[in-house]
Amino acid sequence: MARAAENLRSDAGYTRAIAVDLLEEMSPSVLFGPQGDAVIRVIEAAIALDEEGARKLASAPHPAADREYSKAWDRWLAEQPKAAHNRHQDHASTLLIRGAGTSGSPIGDGFPMVWHMLRKSALSLFRFDGHRRCGGQAASAVS
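Quick notes on the rules
- Residues numbered from 1 in each chain as written.
- Predicted model: local features only at pLDDT ≥ 70, side-chain atom pairs only at ≥ 80, totals over all residues.
- Heavy atoms only, no water.
- Salt bridge = Lys/Arg side-chain N within 4 Å of Asp/Glu carboxyl O.
- Helix = DSSP H or I, 4+ residues; strand = E, 2+ residues; numbered from the N terminus.
- Buried < 20%, exposed > 50% of the residue type's maximum accessible area, 1.4 Å probe, protein only.

(A) Seen up close, the pattern of salt bridges. Under the defined criterion, the tally for this structure stands at five salt bridges. Where lysine 56 meets glutamate 52, a salt bridge forms, and the shortest distance between an N and an O atom there is 3.3 Å. Of this pair, lysine 56 and glutamate 52 both sit in helix α2 (residues 51-59), four residues apart, which is roughly one turn of that helix. We classify lysine 56 as exposed; its relative accessible area is 52%. A salt bridge links lysine 71 to glutamate 68; the shortest N-O distance between them is 3.3 Å. Remark: glutamate 68 and lysine 71 occur in helix α3 (residues 65-78); sequence separation between them is three residues, near one turn of the helix. Of the residues examined, lysine 71 reaches a relative accessible area of 39% and is grouped as partly exposed. Overlapping salt bridges bring together Arg67, Glu68 and Lys71 as one network.

Any link to function would need more than the numbers given here.
Right, here's the structure in full:
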């Protein structure tokens with residue numbers, strides 16, 4: 001107990017706890033803000049992504065997707081008091097901007113979570129050497 005109380009800081013972004021009483025079970029969607037239910041559906045789709053779905057996503061990107069994604073970031077950044085220096089940039093690959101608002105993005109950690117789940121699904125389908133996995137076993141590369 002004494003060790004847990006060492007170096008306590010009033011400005012820490014966390015709380016130390018010895019025990020926690022669970023008062024209420026909540027949906028994970030609350031972690032992603034007002035659009036949390038939609039974010040959860042996208043995460044679930046990323047988890048379930050198969051090779052056919054990955055090929056469809058890769059073959060049909062919308063020509064305005066990057067521009068519209070950046071515009072959505074700019075709209076959110078305009079509402080963040082410490083984010084002026086991040087506005088009007090290319091945010092096509094942005095997942096999170098630490099310090100820009102309390103959540104770092106319009107949907108909290110939703111973008112990094114989607115990226116992580118998509119990556120995990122892709123790694124379950126393919127090895128790093130480009131060979132496809134079949135039933136957990138490596139198979140020859142498919143063109």
